[in-house]
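# Commentary on secondary and tertiary structure
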Amino acid sequence: AENNFKYLVSLNPKIPGLYPAYFDPKDGAPPEYMASFGSLSDGFYEYLLKTYLLTGDVKFKDLYISSIEAMHKHLISHSQKSSEPHLVLGVYYTATDTLIPKMDHLSCFAPGLLALGAKILNRPKDLTAARGLMETCVMSYRNSATGLGADEIAFLNAEFSNGKEFEMLPRGSGFYVIDPEYALRPETVESLFILYRITGEGKYQEYAWEIAQAIEKHCRTKDGYSGLVNVMDVSEGLTNNMPSHFLSQTLKYLYLIFDDSEVASLDDYIFNTEGHLIKYPIS
C-alpha cells in the first residue's frame, strides 16, 4: 500500500498536491487532468491524514498538508447568484485552468476531514473551511423537496450555467441539481459527526436529526431502506437498493452523533473510509 503512495507522489502532478483521478500505471500521469476531492479521488486524500495517524510517518502528514493547501488555492470558491454566498468545493481542469463549481455528494466528506486535520495539526483555517463547506452540504439537503441531498449539484456562474439546463432548487439558493438521486450516502452525516465531536456545537446534532427524520419519512420500507430516484420529486419513487454503506456508515454516524463522546472517541480511533474503527497510537 505504501508503494502506491510513493508511486503517485513520484508522478509530479502539474499542480503540486492535486492528483489526477485517472492515470496509466505504466506510463504515469497525464499532462492534463481533472482534480477534485469528490468521486474517484476522495479516499486518497482521506488516507493521507489517516495513514499519518496510523503510522506516525511524517511524510504522509506533509503530503496531506500539501494537498489541503492546494485545495484552498485551486478548488474552494464562493458561489455566485445565490441568496447568500456559499463555499463550493469544485472540480479543477488543468487543461483549461478552469474551476467548475459543482459538487457531488462524496465531496461532503471533506468538512469532516478538514476538521479532523485542523484538530490534529493545529490548522485553524481548515476548521473555518470545514464549517463553511458543511453549511453548503446541509443547505443542499434543506433546499430539496424531501430534505435529502442530491448526488450532484452545480452552482451558478456565467461559464458553467450558459447553455446548461438543470433543475433549479427552490428558495433562491442559486444551484442546480445535476444528478437528483439520493443513494443513502454517508458523507454529510459523517462530517456532521466529526464537526460535532470537535466543536461541541449543537447545531450539527440538529442538522443530523433533520436528516434522520427525512430518511425515516421517505426511505423506509417494510423490508429495509431504499434510496430515492429524485430528491426533488418523491413521486418518482425508490431505487429499490440499500447499499452496505447505509449500515456501516450512514446509520452508524447518525447514532454516534447522539451517543456519549467517549464512545468511539476521535482521540483514540480513526474511522476508515467505510466507517470501521481502527485504534491508533498517536494522541
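Since the model is a prediction, treat every value here as computed from it, not as a measurement.

## Here's the deal with the overall build of the chain
A count of helices and strands for the chain gives 9 helices and 11 strands. Projected onto its principal axes, the C-alpha coordinates of the chain cover approximately 50 × 50 × 35 Å. Here the chain, with 283 residues, has 53% of them falling under the buried criterion. In the chain, of all internal contacts separated by at least 6 residues, the share reaching a separation of at least 24 is 63%. Summed over all atoms, the accessible surface of the chain reaches about 13,000 Å², with 51% contributed by carbon and sulfur. Side chains of the chain carry 24 positive and 36 negative charges; the gap between the two charge centres is 3 Å.

## As for the state of the cysteines
Per the counting criterion, the structure on display carries 1 disulfide. Disulfide pairing places C108 opposite C137 at an S-S distance of 2.1 Å. Since a negative S-S torsion denotes a left-handed disulfide, the C108-C137 link at about -100 degrees is left-handed. In this pair, C108 is assigned in the loop between β6 (102-104) and α4 (110-121) and C137 in helix α5 (residues 124-142), connecting sequence segments 29 residues apart. For the pair shown, C108 and C137 are each scored as buried.

Criteria and cut-off values
Residues numbered from 1 in each chain as written. Predicted model: local features only at pLDDT ≥ 70, side-chain atom pairs only at ≥ 80, totals over all residues. Heavy atoms only, no water. Helix = DSSP H or I, 4+ residues; strand = E, 2+ residues; numbered from the N terminus. Buried < 20%, exposed > 50% of the residue type's maximum accessible area, 1.4 Å probe, protein only. Contact = heavy atoms within 4.5 Å. Areas by Shrake-Rupley, 256 points an atom, 1.4 Å probe, with all protein chains shown as cover. Lys, Arg positive; Asp, Glu negative; His and termini not counted. Charge placed at Lys NZ, Arg CZ, Asp CG, Glu CD. Disulfide = S-S within 2.5 Å.

Distances and angles like these do not, on their own, reveal function.
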